[in-house]
Amino acid sequence: MRKLLSTLLCVLVVIGSAFAQSRTITGVVTDNLGQPLPNASIVVKGTNIGTTSGEGGKFSLTVPANTKSIVISAIGFGDFTQTLGSQNEFSIQLSTSDKNLSEVVIVGYGTQKKRELTTSVSQVKGTDLQNIPIQGPDQALRGRAAGVNVTQSSGTPGGSININIRGTGSINASSQPLYVIDGIPINIGNYSQIGVGGQTMNALADINPSEIESFEVLKDAAATAIYGSRAANGVVLVTTKRGANRKTRVNINSYLGKSEVYRKLPTLTGPQFIEQMQEMVRNRFGASVVPSQLGLVGYDNDPSSYPTTNWQDEIFRSANVKSMDVNLQGGNENTKFFIAGSYFGQEGIVIGSEFERYNLRINVDNNLSKKIKIGTSIGLSRSNSTRIQNDNNIYGVVSTSLLLGSYFPAFNENGTYGRDPNASIENAIANALEPTYNVANNRILANGYGEWQILPSLSFRSVAGVDYLNFREQQYIPSTHIQGAGVRGDGREGYTQDINLTNENILTYKPRIGDNHDLTFTGVASFQESKFESIFAQATNFPGDAIIRLTAGSQRVAATSNGSSYGIVGYLARAIYGFKGKYLLTASVRRDGVSRFGADRRWGTFSAASVAWRVSEENFLKNSNFISDLKLRASWGQAGNSSIGDFASLPLVGAGQNFAQAAGLAPSQLGNPNLGWENSEQINVGLDLGFFNDRINLTADYYIRNTNDLLLARPLVGSSGFTTINENIGSLRNKGLEISLNTTNINKRDFRWTTNFNITFPDNKVVKLAGTPFASGFASWVEEGQDLGAFRGFVVKGIFQNQDQIAAAPVHSAATRPGDIEFEDLNGDNRITTDDQRIIGSAVPDFFGGMINEVSYKGFGLNVFLQFVSGNEIYNNTRAFGEGMNSVFGQLSTTLNRWTPDKGESATLPRAVFGDPSNNRRTSTRWLEDGSFLRLKNIQLFYNLPKTVVQKLKMNNIRFFIQGENLKTWTNYQGFDPEVSTFSITNTAPGTDFLTYPQARTITFGVNLGL
């Protein structure tokens, strides 16, 4: 035993002595023009040992004595490998050639050079988003990354964004990607407990986009499988800015601007509305009948005697938007820091709506010694929202601006709100200003890490993180409001707390096995626990509207509290290998356990592999003047989706089943111990191609993504006591082609023009369902063999012109008359019934994408961003009300072209008839529209003051800019905005528009100052 211990001790002494021998190298890094380059990375090749250059580009690094070479890299420049030999002092100049391939890409639990990637990853840099007035990081991806479809469901300030990476991947579970900020998975979604319509809040709006260094979107399963059970819908990695080895710099960024509605929908004047109302009554009940005989008040007079109120003019406004961001960035070789504070304020273009956010970020990295490094990332935010009812809600503000008749004034002569005595909806202005609905959200996103360089080739990193969210909302509808009058005031309050704790432990080994081999092993042990609690209460019958706290309400309507939690444990092994930089291989396997699933399916394994061949490094192509880069890629992988209810697998008992004031419990859910996660399997083949020294870069990917074991509720017979049981029984298929093209069109000393273009051709199909097809939303339909996003309804054939046509056609209704719509008899039974419906369209586009052109001349610059979508349909349910011509609701001016005997075949709309006895308003192709659009999403013009002027002012940079957002949209869609989804974050009913808050057109002016 003693001999063994003595031997081990000798070995350790020898190893320690070997690593104790070291040398110090120094040098200066310059750019291609010979100017000093601070913050360049200097790393011992094949290890994590490194430093960064400071002011003047100088660096000093202690390296093992046997070090043969170092690698120097910097953003915007190609890598340079310096052989050391016996020399200890170096002068290194970096070149801009090959810079795209040398860029570092975050891949999860590590980084890779772009040229080394074997998977499908898109990158969006934070500099691309500078000065753009977006609320959260999710908006930043719109139109900028191939395969990423971003839909802003509503223009509500602080509202939700729907992101699908390579299609919708589920029916009942979430299809949103996993967001990881600085290595920590975060909470997303809507925490509101008080319904105000289809619009929902967005937890990602708490994050300040100006703090972000880069986004990496992991798209194929080989890239996402490292996150296992959470990664089936893709992963978005967000990296925030960090300190630098240089003198502290202070940056101030600020802008002010105005927002307004892009377009308004034309409506009838007061006289036109009354004329149509009288016509509706006559067409239904006869020429001698007037509206008052039906109990309708105020419609009988001469139409010309009525005033006109345009309710949209009353509720839309020119709204302010403002932002102020101050950050400090600097440090030295041992300690680096980034500190930022910001304010963002946005008034909604609809009166009564507003969003503001305060942010503070502190990122610090410190080298305690040559081998130990620690750091922290702390993000604090406070957001306040003033909300209004809207979206899929006839009592909303935009809603009532369209649904109210235009025949009465907004205010009476005595100053009170004007109201329609025939409608149950409120004055649009009162809807905006009278109710109180305030939301306050406090959030902490923080992590701390420690990193130990055990050996030059072996390192260990441990990260502990917390995502703490505290969400409070308060709503009060006063007794002076139509909705609150019957209960003498209606108050509601909700509190939600969500704590997500994460620990990631990462071991990285980079053995040195010769100059031709690059090998990296990564092992990860991951632990996550999330705890959720909420409280909600409601009271009515208040003594007045001055005190809106629930204690003032004498009638307690509701008081509930809920709590939930889940845990995830994961273990990952990954190997990345490269031979001569030409033959590349990545393989990984992850084992996850998730508490949400049944006892028999709690653990799962997710494997992936990818290969790439850099053909351009072969001798037959290496010296080509035409092809500068050619890489072929292929990958396969599996990932899971665990985004379901925390207790979906368990038999549950529900509380609140009370009787005669006695508390009661009752079974509420059948358990299923075999319930597991949805499994996504994806195949990807890709091509990376560069021409003319990478002046032209093309990336193309074709993917097939099959999602199996969908979490669906299988119908049960009623005698079981339950209607459904959760099972894994469905499947989806997404496939598509993604193309990205980046070109440097002109690159002169004073003039530069680049273009970035991407386009995606998606295809989505429901392969298997549990039971029969089912409806969703207003017109959406889920059926095997159809798009997930299909619309189903009747097919309009034309308008009946006379009674003979009605007699010769299939039977519609006994009340059908000339001027009513003729529908297709699809099953040939000579009757129009529910069986005469079919798939009439799809919300899934044929293609979507974006194009960015950046032009700079001396100090001037112009950036133009175009976004496009083509081939999708929108079900415009707003028109079903605004062109219904059947009730007291306000009508669009398009109804002036309604059928009358005089217009005959020239009319494009059916007759106006009270009550719609022939059901002209039924779900049909009448309301389906082409949703294609081309949008000038953003244009920015800026000017950088000359360095000579800036230096005289003792500053680093001064930039002035003006930019416009949503300036112009080319579309045939008749609604407010073709980028719409009333049902917000939905899998089964996308592409529906019903009284939705539109996006704003915004113009801002600002300045960027560097001190």
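Given the structure is predicted, the values throughout are model-derived calculations rather than measurements.

### Regarding the overall build of the protein
Assigned secondary structure in the protein consists of 12 helices and 49 strands. The C-alpha radius of gyration of the protein comes to 32 Å, within 12% of the 30 Å expected for a compact globule of 1011 residues. Viewed in the frame of its principal axes, the protein has a C-alpha envelope of about 110 × 70 × 65 Å. Here the protein, with 1011 residues, has 54% of them falling under the buried criterion. The long-range fraction of contacts in the protein, counting pairs at least 24 apart against all pairs at least 6 apart in sequence, stands at 69%. Accessible area of the protein: about 41900 Å², with a carbon and sulfur share of 55%.

### Thoughts on the environment of lysine 45
Structurally, lysine 45 can be placed in the loop between β2 (41-44) and β3 (50-52). Separated by 91 residues in sequence, lysine 45 and glycine 136 place their C-alpha atoms 38 Å apart.

### With respect to helix α4 (residues 270-285)
Along an α-helix, residues three or four positions apart point the same way, because every turn accommodates 3.6 residues. In this model α4 runs 23 Å from its N-terminal to its C-terminal C-alpha over 16 residues, within 8% of the 22 Å that 1.5 Å per residue would give. When α4 is considered as a whole, its buried residues turn out to be Gly270, Phe273, Ile274, Gln276, Met277, Gln278, Glu279, Met280 and Val281.

### Describing the side chain of glutamine 176
Its place among the elements puts glutamine 176 in the loop between β12 (161-165) and β13 (178-181). In terms of polar contacts, glutamine 176 uses its side chain to reach the side chain of asparagine 162, at 2.6 Å.

### Notes on the sheet that holds strand β5 (residues 69-73)
Hydrogen bonds between backbone groups are what pair the strands of a sheet, and the pairing can be parallel or antiparallel. Here we have four strands laid out as an open sheet, ordered β3-β2-β5-β6, and antiparallel in their pairing. Each of the sheet's edge strands pairs with one partner strand only, and the pair in question is β3 and β6 (80-83). Strand-to-strand twist across the sheet, computed as the mean angle between neighbouring axes with direction ignored, equals 20 degrees. Bridge count for β5 against β6 is four bridges, and the pairing is antiparallel. When the bridges of β6 are listed, isoleucine 70 appears paired with glutamine 82.

### Examining the nonpolar core
Core analysis: the largest hydrophobic core is formed by 46 residues, its most contacted members being Met277, Tyr299, Ile315, Phe316, Ile349 and Val350. The set of elements that each furnish at least two residues to this core consists of α4, α5 (311-315), α6 (397-403) and α7 (428-433). Setting aside its immediate chain neighbours within four residues, valine 350 contacts Ile315, Phe316, Arg317, Ile388, Val397, Val398 and Tyr997. Counting residues in each nonpolar core, the second largest holds 21 residues, with Leu141, Ile181, Ile186 and Ile212 among its members.

### Structural notes on the sheet that holds strand β38 (residues 790-793)
Taking strand neighbours across the sheet as the criterion, the four strands line up as β36-β37-β38-β41 in an open arrangement whose pairing is antiparallel. Each edge of the open sheet is held by one strand with a lone partner, namely β36 (774-776) and β41 (838-842). Pairs of neighbouring strands in the sheet enclose a mean axial angle of 50 degrees, with direction left out of account. Two elements, strand β37 (residues 780-782) and β38, share two bridges in a ladder whose sense is antiparallel. From the neighbouring strand, tryptophan 781 faces β38, where its bridge partner is alanine 790.

### Notes on the packing of aromatic side chains
Under the defined criterion, the tally for this structure stands at 31 aromatic pairs. Seen in terms of ring centroids, tyrosine 109 and tyrosine 227 are 5.2 Å apart; in terms of plane orientation they differ by 25 degrees. Their pairing is stacked. Of the two residues, tyrosine 109 is situated in the loop between β8 (104-106) and β9 (111-113) and tyrosine 227 in the loop between α3 (221-224) and β16 (235-240); the sequence distance between them amounts to 118 residues. You'll find tyrosine 109 and tyrosine 227 in the same group, each marked buried. Here a set of aromatic residues connected by ring pairs shows up, and it is made of Phe273, Tyr299, Tyr306, Trp311, Tyr407 and Phe408.

### Describing the environment of isoleucine 739
Relative to the elements of secondary structure, isoleucine 739 occurs in strand β34 (residues 724-747). Isoleucine 739 gets classed as partly exposed once you look at its relative accessible area, which sits at 24%. Along the chain, isoleucine 739 and alanine 880 lie 141 residues apart, while their C-alpha atoms are 38 Å from each other. Setting aside chain neighbours within four positions, we find isoleucine 739 in contact with Ala146, Leu698, Thr699, Ala700, Phe757, Asn758 and Ile759.

### Focus: unusual backbone geometry
If you check the backbone angles, methionine 885 has positive phi at about 50 degrees while not being a glycine. Structurally, the position occupied by methionine 885 is in the loop between α11 (877-882) and β45 (928-930). Take methionine 885: its relative accessible area is 0%, and that puts it in the buried class.

### Quick notes on the pattern of salt bridges
Applying the stated criterion across every chain, the model contains 31 salt bridges. For arginine 1001, the salt bridge identified is with glutamate 260, shortest N-O distance 3.2 Å. Taken together, the positions of arginine 1001 in strand β49 (residues 1000-1010) and glutamate 260 in strand β17 (residues 246-261) put the pair 741 residues apart, joining distant regions of the chain. The partner of arginine 879 in a salt bridge is glutamate 929, and the shortest N-O contact between them spans 3.1 Å. You can see arginine 879 sitting in helix α11 and its partner glutamate 929 sitting in strand β45, a full 50 residues away along the chain. Taking relative accessible area as the criterion, arginine 879 reaches 9% and is therefore assigned buried.

### Re a nonpolar patch on the surface
Residues Met324, Val326, Leu328, Ile339, Leu360, Leu380 and Ile444 make up a contiguous nonpolar surface patch of about 470 Å² in total accessible area. Along the chain, isoleucine 339 falls in strand β19 (residues 335-347). Its relative accessible area of 32% is what places isoleucine 339 among the partly exposed residues.

### Digging into the confidence of the model for the protein
Across the protein, the average pLDDT comes to 90, with 96% of residues at or above 70. Low pLDDT, under 50, characterises residues 1-20; the predicted model gives this stretch two contacts beyond four residues in sequence or across chains.

### Here we look at the environment of tryptophan 603
Secondary-structure assignment places tryptophan 603 in strand β28 (residues 603-614). Distance in space between the C-alpha atoms of tryptophan 603 and glycine 676 is 8.5 Å, their sequence separation being 73 residues. Beyond its immediate sequence surroundings of up to four residues, tryptophan 603 is in contact with Val569, Tyr571, Arg591, Asp592, Gly593 and Trp677.

About the cut-offs
Residues numbered from 1 in each chain as written. Predicted model: local features only at pLDDT ≥ 70, side-chain atom pairs only at ≥ 80, totals over all residues. Heavy atoms only, no water. Helix = DSSP H or I, 4+ residues; strand = E, 2+ residues; numbered from the N terminus. Rg over C-alpha atoms; globule rule 2.2 N^0.38 Å. Buried < 20%, exposed > 50% of the residue type's maximum accessible area, 1.4 Å probe, protein only. Contact = heavy atoms within 4.5 Å. Areas by Shrake-Rupley, 256 points an atom, 1.4 Å probe, with all protein chains shown as cover. Expected span 1.5 Å × (residues − 1). Polar contact = N/O pair within 3.5 Å; in protein donor to acceptor, adjacent residues only side chain to side chain. Pairing = 2+ DSSP bridges. Axes fitted to C-alpha atoms, helices over the stretch in contact; angles between N-to-C directions. Core = buried A, V, L, I, M, F, W, Y, C linked by side-chain atoms within 4.5 Å. Phe/Tyr/Trp six-rings, centres within 6.5 Å; stacked < 30°, edge-to-face > 60°. Salt bridge = Lys/Arg side-chain N within 4 Å of Asp/Glu carboxyl O. Patch = residues over 30% accessible without salt bridge, like charges linked within 9 Å, V, L, I, M, F, W, Y side chains within 5 Å. pLDDT = per-residue confidence, 0-100.

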